[in-house]
Amino acid sequence: MSSTTNGTGPSITTGIVSFLVPPADKSVELFAYPDPVTGGRKNNYQREDKQIFVENLRGKEDSVTLDTAGFQFFHAPAAHKTFANDEEIQREYYPESVELIKKLTGASRVEIFDHTIRRRNPDQIGDSPDKRQPVPQAHVDQTAAAAIDRVHRHLPESEAPKLLKKRFQIINLWRPISHPAWDWPLALCNYRSVDPENDTAPVTLRFPNRKGETMGVKYNPNQKWKYLYGMTPDEVVLIKCSDSLQDGSVAVFTPHTAFEDPATPKGSPFRQSIELRALVFYD
Ligand code: OGA
Ligand code: FE
């Protein structure tokens, strides 16, 4: 199967992914900070590499939704296709993506606050902020507290409190650029297979001018990881990072990670992708 250049891929594959190893003392604050020399990240905690099994949902794309699993695949070609520079992306790709997210989720208001382009380059050492690489590290982009912080940071103080009274989410819109992402695809973990209390821990990001908070993810063999083999630029996955609705009725967040897929056809072009981060509000 690993030598086919087309087709639907294997039914299941594997990856080696880095997971958080939280210290025994739960009161210790875990933190990470940019290394001024390499631009990469340093931290005060341990990690471990583990093998995960990743089910290919090609042909079963509709078996997961934002509310049942925490992520959802859609066929959704974009008008903007070049992704050449940030200014153009903000001017052209942001507005159509706001409309797309509204249409796909039924949200009444969508505010995009950030994006990351990743173009894999095996010659690059480490993951620098201006040349982001796919990183095989299980994580969730924000904790619930960091999600609320984002609303205050990106929206006027006259609107934030009112918006936070209703349901709100942070959703990433992830899309391959230029060619299918056979190389270093994205694996996503079904929320229903995660033990939210025991499988995650907050990690403070200490930047020179501000703090952020992400969730590190601990390995748990019960976690059910999924991907879409050869995801094309005309396909997107919505990744729910946070949901204010936490009564148990819906998936709240989605651990995710890049991984090197042994089923990648030989000679596949390196993965290129863009992820947008959006505040998503409902009436
Ligand atoms: C994301 C993310 C990793 C990758 O979209 O939030 O973590 O390799 N992406 O694309
Ligand atoms: Fe992420």
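Quick notes on the rules
- Residues numbered from 1 in each chain as written.
- Chains lettered and ligands numbered in written order.
- Predicted model: local features only at pLDDT ≥ 70, side-chain atom pairs only at ≥ 80, totals over all residues.
- Heavy atoms only, no water.
- UniProt positions renumbered as here; feature names shortened; annotations may be inferred.
- Disulfide = S-S within 2.5 Å.
- Buried < 20%, exposed > 50% of the residue type's maximum accessible area, 1.4 Å probe, protein only.
- pLDDT = per-residue confidence, 0-100.
- Helix = DSSP H or I, 4+ residues; strand = E, 2+ residues; numbered from the N terminus.
- Contact = heavy atoms within 4.5 Å.
- Donors = N, O, S within 2.8 Å, 3.2 Å for Na, K, Ca; no water.

For the protein, the name recorded in an unreviewed UniProt entry is 7alpha-cephem-methoxylase P8 chain, with Agrocybe pediades as its organism. In the Sequence similarities (unreviewed entry) part of its UniProt record, the protein is described as follows: "Belongs to the asaB hydroxylase/desaturase family."

### Things to note about the state of the cysteines
Tallied over the full model, the rule gives zero disulfides. Of all cysteine sulfurs, the one in C241 lies closest to C189, which takes part in no disulfide; the gap is 13 Å. Take C189: its relative accessible area is 0%, and that puts it in the buried class. A residue is classified by how much of its surface remains accessible, and C241, at 1% relative accessible area, is buried.

### Details of the confidence of the model for the protein
Considering every residue of the protein, the mean pLDDT works out to 95; 98% of them sit at 70 or more. Between the elements of the protein, mean pLDDT differs from a low of 89, seen in strand 3 (residues 41-43), to a high of 99, seen in strand 9 (residues 186-189). Note on residues 1-5: pLDDT under 50 across the span, and 11 contacts to partners over four residues away in sequence or across chains.

### A few points about the coordination of the iron ion (ligand 2)
Expected angles at a metal are 109.5 degrees for tetrahedral coordination by four donors and either 90 or 180 degrees for octahedral coordination by six donors. Donor atoms from the polypeptide that coordinate the iron ion (ligand 2) comprise H139 (NE2), D141 (OD) and H256 (NE2), at 2.1 Å from the metal. Between consecutive donors of the iron ion (ligand 2), the numbers of intervening residues give the motif H-x1-D-x114-H. Note that D141 is positioned in the loop between strand 7 (139-140) and helix 2 (144-154) and H256 in strand 14 (residues 256-258), a separation of 115 residues in sequence. What makes D141 buried here is its relative accessible area of 10%. Taking relative accessible area as the criterion, H256 reaches 5% and is therefore assigned buried.

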